[in-house]
Amino acid sequence: MSTSVATKRRAVTGSVPPAVPLDVVRSVGAPGSREDVYAELCAALFSGFPRRDQRLKAEQYLHGLLTAQGRKSIRNIAAQIGGPAAEQSLHHFVSSSTWDWQPMRAALARYLERNSCPQAWVVRPMPIPKAGEHSVGVDRRFDPERGQVFHGQQAFGVWFASDELSVPVNWRLFLPDPWVNDRTRRDRAEVPQEAGEETLEECAVAAALDTARWSDVTRKPVLLDIRGGAGRAALTRLAGAGVPVVARIGPGSRLAIADRSLPGFGAGPLSALQILESLKGLRRPVSWVDTVAGARTSRTSLATAVRVALPTPGGERMRPLVLLGEWDDPRRPPARVWISDLTGSPVGSLLRLTKLARRVERDFVEVGEGAGLRDFVGRSFRGWHRHITLASAAHAATVMAATDWEASYGSGYGSGRTARTAS
């Protein structure tokens, strides 16, 4: 772990000691820090339980997520702590109990703010392949990242991200129309009444807005991808909540140049690609540090930022924004296009902020998969949310316990499991 993170980590005082002995987690993380991280996380996340038996089950589940081999199903987790009797107890704790997962997620966010330096909230889609028909939210859908149709669930995670590490702190499970409108399915999976119809983009934005409502959590710029939906609505919702945004958009998105000194001002709506190509003479090299390639590597991209506005119907005042383009090859069109309301930020700062999406992607593959983020095999809405909350804590325990983050990656840190079909 780098100095900036290590120096911020401090002991939790006045807390309840973990009920699971620390020697059971000595195989987790890096020597010298794993027991401290485990104890701190247990105190920070589980002290809100009113009963000691609930704290014990939460600690047992976290322990199992950190130590079980293979899929982090309740059965495999229970095998680490007591077999069939423990399996029944943990199944009830996750799927049938009444505890609210939101306070635990907010506590995880506050823990990360105390002990690391989040620079942005990255909203990442997470497809979850499934073989059966009964898991909550399962349906056939298209995965744009892989360019293929799959059968399963779709969730969105909000990751607190920095150059050094990233951790998911909040989740929202997308419910397709067959689940929203089928009372039998909803009742069987115990879907709450307030879970209604929404688009995938609305689901992603709602995950960020839910996070912004937590008290004592500092709002950071939200990075998300709105290439597949109505970008205006997403930007408007986030702006209305006072949440800054850096959004990936498609090259065909229509914008108006807002800088009077630039050619094209007053010409009306143009595509983002047209604007950036007409002003590519303003590109300049921007250096950034690639932290996901196994070692900290200095890289350079060509980039430019242009003040723009979203065209509005009826002559309404247009909201000031900045359009960011990045080129991998100066002879070709921009490889990535972003829009942001951080209009006062230098182009270098904006570009480096977008690179946190790479950090999240690598951490999901190298750590999140192994922590069990996609491994819940139950059918209930509440069970899914409780499992993924505890799996997020396991992810946090793993990354925070690494005393040398870059060296850990270089030595094959994490499981690196690939996508698979779950039952």
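Just so it is clear, the structure is predicted and the values come from calculations on it, not from any experiment.

## Observations concerning the overall build of the protein
Turning to step 1, where the next piece is worked out: Counting its secondary structure elements, the protein contains 15 helices and twelve strands.
Turning to step 2, where the next piece is worked out: Sequence separation of at least 24 residues holds for 66% of the intrachain contacts in the protein that already meet a minimum separation of 6.
Turning to step 3, where the next piece is worked out: Roughly 18100 Å² of accessible area belongs to the protein as shown, and the carbon and sulfur atoms make up 50% of that amount.

## A closer look at the packing of helix H3 (residues 52–67) against helix H5 (residues 84–96)
Turning to step 1, where the next piece is worked out: The contact between H3 and H5 brings their axes to 10 Å, and the two run at 100 degrees. The angle between H3 and H5 places the two elements in the roughly perpendicular class. For the pair H3 and H5, contact is made by Gln54, Lys57, Ala58, Gln60 and Tyr61 and by Ser89, Leu90, Phe93 and Val94, respectively.
Turning to step 2, where the next piece is worked out: Of the residues assigned to the contact of H3 with H5, the class counts are five nonpolar, three polar and one charged.

## What about the pattern of salt bridges?
Turning to step 1, where the next piece is worked out: In total, this model carries 19 salt bridges according to the counting rule given.
Turning to step 2, where the next piece is worked out: One salt bridge in this structure joins Arg172 and Glu198, with 3.1 Å as the shortest N-O distance. On the criterion of sequence distance, the pair formed by Arg172 in strand E4 (residues 166–173) and Glu198 in the loop between helix H8 (183–189) and helix H9 (200–212) is long-range, its members being 26 residues apart.
Turning to step 3, where the next piece is worked out: Owing to a relative accessible area of 17%, Glu198 belongs among the buried residues under this scheme.
Turning to step 4, where the next piece is worked out: Residues Glu326 and Arg336 are paired through a salt bridge, measuring 2.9 Å at the closest nitrogen-oxygen approach. Pair noted here: Glu326 is in strand E11 (residues 320–327) and Arg336 is in strand E12 (residues 336–340), with a separation of ten residues, a long-range link.
Turning to step 5, where the next piece is worked out: Glu326 sits in the buried class, given a relative accessible area of 1%.
Turning to step 6, where the next piece is worked out: Sharing partners across several salt bridges, the network here consists of Arg172, Glu198, Asp210 and Arg213.

## Focus on the confidence of the model for the protein
The predicted coordinates ought not to be read in detail in places where the model reports low pLDDT.
Turning to step 1, where the next piece is worked out: In the predicted model, the protein carries a mean pLDDT of 86, and 86% of its residues have values of at least 70.
Turning to step 2, where the next piece is worked out: Confidence scores differ between elements of the protein, with helix H15 (residues 405–410) showing the lowest mean pLDDT of 42 and E4 the highest of 98.
Turning to step 3, where the next piece is worked out: Overall, residues 1–7 carries pLDDT values under 50, and its contacts beyond four positions in sequence, including any with other chains, amount to 17 contacts.
Turning to step 4, where the next piece is worked out: Residue range residues 19–32 is modelled with pLDDT below 50. Its contacts to residues more than four positions away, or to other chains, number 28 contacts.

## Topic: H5
Turning to step 1, where the next piece is worked out: With 13 residues, H5 extends 17 Å between its outermost C-alpha atoms, agreeing within 8% with the 18 Å of an ideal straight helix rising 1.5 Å per residue.
Turning to step 2, where the next piece is worked out: Listing the buried residues of H5 in full gives Ala86, Leu90, Phe93, Val94 and Ser95. Burial along H5 is one-sided: seen end-on, the buried residues are contained in an arc of 165 degrees. Facing away from the buried side of H5 by more than 90 degrees, the exposed set consists of Pro84, Ala85 and Gln88.

Cut-offs applied
- Residues numbered from 1 in each chain as written.
- Predicted model: local features only at pLDDT ≥ 70, side-chain atom pairs only at ≥ 80, totals over all residues.
- Heavy atoms only, no water.
- Helix = DSSP H or I, 4+ residues; strand = E, 2+ residues; numbered from the N terminus.
- Contact = heavy atoms within 4.5 Å.
- Areas by Shrake-Rupley, 256 points an atom, 1.4 Å probe, with all protein chains shown as cover.
- Axes fitted to C-alpha atoms, helices over the stretch in contact; angles between N-to-C directions.
- Parallel < 35°, antiparallel > 145°, perpendicular 65-115°, else oblique.
- Nonpolar A, V, L, I, M, F, W, Y, C, P; charged D, E, K, R; others polar.
- Salt bridge = Lys/Arg side-chain N within 4 Å of Asp/Glu carboxyl O.
- Buried < 20%, exposed > 50% of the residue type's maximum accessible area, 1.4 Å probe, protein only.
- pLDDT = per-residue confidence, 0-100.
- Expected span 1.5 Å × (residues − 1).
- Arc of directions from axis to C-beta.

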